[in-house]
Amino acid sequence: MNEFHEDLKKLLMQAGAENKPTVFLFNDTQIITESFLEDINNILNAGEVPDLFAVDELAKIIDLVRPLAKAAGKLETRDNIYAHFVQLCRENLHCVLAFSPVGDAFRNRLRMFPSLVNCCTIDWFTPWPQDALLSVANQFLNKIDLGTDEARNAISQVCMTIHSSVRKSSA
């Protein structure tokens, strides 16, 4: 748990105190305890993990962020500077979570940690049905003059076949 918190501190310092865009990539095989997800839920929802930093670490954050807050026109109070740190964390830290939807664990985690749904964009990477691939191909090809509907339908079939065969061969 301490190693995970140290990693989170580094990420938040880089995103907030150094004002650097940062990606946090985390997959479900890295979940040792569910408290990891509680921390991620807090980052997604509030931009911070409560009580993550010790008093001396908070003082360092205040010192590092003070010039950034001043440049942003914020009053130089401790609370305003820390709020600016959290704002920078929210703007610069991008969480990429890779979870398998198979089984009950995923569903239970979504119920327990609502920010995994409310504060995220979910990309489902599952195979597309043939009719959906055909529909997308038709949508794009409708904008192009291909002469006849027969030609458009034949090319749409080829697009669907190419997409399906690439997916099968790369699996």
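Below or above, wherever it landed, is the structure these notes cover. As the structure is a computational prediction, the values presented were derived from the model and not from experiment. (Residues numbered from 1 in each chain as written. Predicted model: local features only at pLDDT ≥ 70, side-chain atom pairs only at ≥ 80, totals over all residues. Heavy atoms only, no water.)

The next subject is the nonpolar core. Ranked by internal contacts, the top residues of the largest apolar core, which has 32 residues, are L8, F24, F26, I40 and F85. The set of elements that each furnish at least two residues to this core consists of α1 (2-17), β1 (22-27), α2 (35-46), α3 (55-71) and α4 (78-92). Element by element, the count of residues in this core is highest for α1, at seven residues. With near-sequence residues (within four places) excluded, F24 lies in contact with F4, L8, L11, I40, L93, H94, C95 and V96. (Core = buried A, V, L, I, M, F, W, Y, C linked by side-chain atoms within 4.5 Å. Buried < 20%, exposed > 50% of the residue type's maximum accessible area, 1.4 Å probe, protein only. Helix = DSSP H or I, 4+ residues; strand = E, 2+ residues; numbered from the N terminus. Contact = heavy atoms within 4.5 Å.)

Enumeration according to the criterion identifies six aromatic pairs in this entry. Centroid distance F4 to F26: 5.9 Å. Interplanar angle 55°. Geometry classified as tilted. Placement of F4 in helix α1 and of F26 in strand β1 is noted, with a sequence separation of 22 residues between them. Residue F4 is classed as buried on the basis of its relative accessible area, which comes to 9%. (Phe/Tyr/Trp six-rings, centres within 6.5 Å; stacked < 30°, edge-to-face > 60°.)

The next subject is helix α7 (residues 130-141). Spanning twelve residues, α7 covers 16 Å between terminal C-alpha atoms, matching the ideal 16 Å at 1.5 Å per step. Of all the residues in α7, the buried ones are L133, A137 and L141. One side of α7 holds all its buried residues, which, seen down the axis, span an arc of 65°. What points out from α7, more than 90 degrees from its buried face, is the exposed set D131 and Q139. For α7, the secondary structure elements touched by its buried residues are α8 (149-170). (Expected span 1.5 Å × (residues − 1). Arc of directions from axis to C-beta.)

Moving on to the side chain of N41. Residue position: N41 is located in helix α2. Residue class for N41 comes out buried when judged on its relative accessible area of 13%. A distance of 2.9 Å separates the side chain of N41 from the backbone nitrogen of S115, its partner in a polar contact. Aside from chain neighbours lying at most four places away, what touches N41 is F113, P114, S115 and L116. (Polar contact = N/O pair within 3.5 Å; in protein donor to acceptor, adjacent residues only side chain to side chain.)

Here the focus is α1. Note that an α-helix has 3.6 residues per turn; residues three or four places apart therefore point the same way. Given a rise of 1.5 Å per residue, 16 residues ought to cover 22 Å, and the 21 Å separating the end C-alpha atoms of α1 matches this to within 8%. All of the buried residues along α1 are F4, L8, K9, L11, L12, M13, A15, G16 and A17. In the core, the buried residues of α1 are packed alongside β1, α2, α3, α4 and β2 (93-98). Just beyond α1, the residue with positive phi is N19, at close to 55°.

The grouping of V23, L25 and V96 at the surface amounts to a nonpolar patch, some 280 Å² of accessible area in total. Tracing the chain through its elements places V23 in strand β1. Judged by relative accessible area, V23 falls into the exposed class, the value being 56%. (Patch = residues over 30% accessible without salt bridge, like charges linked within 9 Å, V, L, I, M, F, W, Y side chains within 5 Å. Areas by Shrake-Rupley, 256 points an atom, 1.4 Å probe, with all protein chains shown as cover. Salt bridge = Lys/Arg side-chain N within 4 Å of Asp/Glu carboxyl O.)

Where charged atoms of side chains with opposite charge meet at close range, the side chains can pair. All told, the structure shown has eight salt bridges when counted by the stated rule. One salt bridge in this structure joins K70 and E76, with 4.0 Å as the shortest N-O distance. Three or more residues joined by partner-sharing salt bridges are found here, namely E6, K9 and E57.

Moving on: the packing of α1 against α3. Viewed as axis vectors pointing N to C, α1 and α3 meet at an angle of 20°, and their least axial separation amounts to 10 Å. What the angle tells us is that α1 and α3 run roughly parallel. Touching K9, M13, G16 and A17 of α1 are E57, K60, I61, L64, V65 and L68, all from α3. Within the contact of α1 with α3, the residues separate by chemical class into six nonpolar, one polar and three charged. (Axes fitted to C-alpha atoms, helices over the stretch in contact; angles between N-to-C directions. Parallel < 35°, antiparallel > 145°, perpendicular 65-115°, else oblique. Nonpolar A, V, L, I, M, F, W, Y, C, P; charged D, E, K, R; others polar.)

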